[in-house]
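# Remarks on the overall topology
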Amino acid sequence: MKAAIAIALNTFRESIRDRLLYAILFFGLLLMGATVLLGSISLDQDVKVIKDLGLAGIFIVNFLIILSVGTNLVSKEIDRKSIYAVLTKPIERSTFIIGKFIGLGATLFVTTVMMSAVFVAVLLAKNAGLPPLIFVALAFTYLELLFLVAIALMFSTFTAPVASALYTLAFFLIGHSMTSLTRFGEQAGPFVKGLIAVVSHVLPNLEKFNIKNQVVYDVAVSGPQSIWTVVYAGAYITVLIMIATNILRRQEF
Amino acid sequence: MHIALSIRNLSKEYTNFGGSSRVVSNLTLSVADGEVFGFLGPNGAGKTTTIKMIVGLAFPTRGTIEIFGQHAHSRAVRARVGFMSENPYFYSYLTAGEFMRFSASLLNIPPKMAKDRAQSLLAMVGLREVADRQIRTFSKGMNQRLGFAQALLGDPDIIFLDEPLDGLDPLGRVDFKRMMQALKKEGKTIFFNSHILSDVQELCDSVGIIHKGKLLEVGPLRRLLSARESLEEHFIRIVGAKR
């Protein structure tokens, strides 16, 4: 576990010193500020707009970080051969993958907290109050980001960064279309219905993490639903990390 | 005499759509404890692939590799092994000191000892003054020195160096040779690849010559070389005959 933490710390250090991260974060903070402007031009819906855009902005910025940093977490190390100095030490390859996951997870935690602080400050400045549901939504956003880190990390073990980014993006788009796809499947013929049923069981349903509408319209999220979502994410992330480890175990350099 | 490294019938084949190619073929050799062994061969002979198989970065198709009588890829063995790759490259946004401490934590070295060892090794390789500089500002030679320092961090009993003298200026080469001689005096076993045969002759007790994946010759230098023949002349004669 010590080695995994060392790799995580190393990944965290590397990513927070990457200039690209600051560029994306600057864009994110600008976006948070822009929610006030966009809210003010809406018709008495400014708090709703700020909540909706704020939560979406936090997710988008962090997702951009995953696409730019997460998708080359392993492939960059292989390309630059920096992985040689790690894997020849007395550690397991699974430790490397777990460390990478925790490291980027920690980076995203920091960026999520920073952006959330601005988001909360904007809400307080607008006297919008702070319903606990906002924090549940932020926690779910972070959980979805961890999910996407695991997907990006898995692809990063065997594909180039661009391909890995495209696959992760495809997973994200399919994951958020799963509810619509299932509805479509109910009306389709038996073959398509069966195919969609298989896809919906294999690929993740990322809509489980999206409670923006509940936040905007103040609709409570049930306890069991929240617990089930956490378990769902945990199980999927574990499987993705196991797949990534297995791929890396077979890799030769 | 104890055997530090034992390679038996080692082969490596790569298979792709065009068929398979054998990069290393039935390689058998052993290196005694405390010996400096030079692994020589022209470009593409299979030297780097062999080293990668020894340190666990590639897997043999056939054959066995043992270090101090144990499977070379076991964790217990890897804790006793130091490795420096050819043209080493490290985390560009870390400082040299941070990278050394990171490497030490992978070797499970306690933080206080890690700090002291990192400092003394960085001083030994001439990087003490730049320990707080990010690696991305380092030259090729400085990366090479850092690679050497991290290979020695765990106080390994056997050290594998892939082209350690490649790309170094003459002063750097002198420094490296001095450090390797010091390690030899400490009783460390060193296995390294090099194209610079005069340096190999100066440093090594034994050599192995590989060509097209096959070991042509292996043994102590004093047995392989005749009185008037340099290693370079010998190498050209042996490898040239097989071309």
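Residues numbered from 1 in each chain as written. Chains lettered and ligands numbered in written order. Predicted model: local features only at pLDDT ≥ 70, side-chain atom pairs only at ≥ 80, totals over all residues. Heavy atoms only, no water.

### Observations regarding the overall build of chain B
Helix and strand counts for chain B come out as nine helices and 10 strands. A globule of 243 residues ought to have a C-alpha radius of gyration of about 18 Å, and chain B, at 18 Å, matches this closely. With the C-alpha coordinates aligned to their principal axes, the bounding extent of chain B is approximately 50 × 45 × 40 Å. Relative to all contacts within chain B whose residues are 6 or more apart in sequence, the contacts with residues 24 or more apart total 68%. A total accessible area of about 10900 Å² is found for chain B, and carbon and sulfur atoms account for 50% of it. (Helix = DSSP H or I, 4+ residues; strand = E, 2+ residues; numbered from the N terminus. Rg over C-alpha atoms; globule rule 2.2 N^0.38 Å. Contact = heavy atoms within 4.5 Å. Areas by Shrake-Rupley, 256 points an atom, 1.4 Å probe, with all protein chains shown as cover.)

### Concerning the packing of helix 7 (residues 132–156) of chain A against helix 8 (residues 161–187) of chain A
Residue and element names in this part refer to chain A. Taken N-terminus to C-terminus, the directions of helix 7 and helix 8 make an angle of 140 degrees; their axes are 9 Å apart at the nearest point. In terms of orientation, helix 7 lies oblique with respect to helix 8. Pair helix 7 / helix 8 crosses with right-handed handedness. Across the interface between the two elements, Glu144, Leu148, Ile151, Ala152, Phe155 and Ser156 from helix 7 touch Ser164, Tyr167, Thr168, Phe171, Phe172 and His176 from helix 8. Class assignment for the residues of the contact of helix 7 with helix 8 results in seven nonpolar, four polar and one charged. (Axes fitted to C-alpha atoms, helices over the stretch in contact; angles between N-to-C directions. Parallel < 35°, antiparallel > 145°, perpendicular 65-115°, else oblique. Left-handed = near helix turned anticlockwise from the far one by under 90°. Nonpolar A, V, L, I, M, F, W, Y, C, P; charged D, E, K, R; others polar.)

### Things to note about the interface of chain A and chain B
Of the residues lining the interface, 29 residues belong to chain A; the matching set on chain B comes to 32 residues. Of the roughly 3000 Å² buried between chain A and chain B on both sides combined, carbon and sulfur atoms contribute 54%. Connecting chain A to chain B are four salt bridges. Arg75(B) is the salt-bridge partner of Glu92(A), the closest N and O atoms lying 3.7 Å from each other. (Buried area = accessible area lost by both parts, 1.4 Å probe. Salt bridge = Lys/Arg side-chain N within 4 Å of Asp/Glu carboxyl O.)

### A look at the confidence of the model for chain A
For chain A, mean pLDDT is 90; residues scoring 70 or higher make up 100% of the total. Taken element by element, chain A is modelled with least confidence in helix 10 (residues 212–216) of chain A, mean pLDDT 81, and with most confidence in helix 5 (residues 82–87) of chain A, mean pLDDT 95. (pLDDT = per-residue confidence, 0-100.)

### Digging into the nonpolar core
Leu5(B), Ile67(B), Leu146(B), Phe148(B), Phe160(B) and Phe191(B) are the most contacted members of the largest nonpolar core, which has 153 residues in total. Here this core takes 18 residues from helix 7 of chain A, the largest share from any one element. Excluding residues within four positions of it along the chain, Leu5(B) makes contact with Leu29(B), Ser30(B), Val31(B), Ile54(B), Ile65(B), Glu66(B), Ile67(B), Ile158(B), Phe160(B) and Phe191(B). (Core = buried A, V, L, I, M, F, W, Y, C linked by side-chain atoms within 4.5 Å. Buried < 20%, exposed > 50% of the residue type's maximum accessible area, 1.4 Å probe, protein only.)

### As for the pattern of salt bridges
All chains considered together, the criterion is met by 18 salt bridges over all chains. In this structure, a network of salt bridges that share partners links the residues Arg173(B), Lys177(B), Asp199(B) and Glu202(B).

### Quick look at the pairing of strand 2 (residues 19–32) of chain B
Residue and element names in this part refer to chain B. Examined bridge by bridge, strand 1 (residues 3–16) and strand 2 share 10 bridges and lie antiparallel to one another. Within strand 2, the residue paired with Leu5 across the bridge is Val31. Hairpin remark: strand 1 followed by strand 2, antiparallel, with two residues in the connecting loop. (Pairing = 2+ DSSP bridges.)

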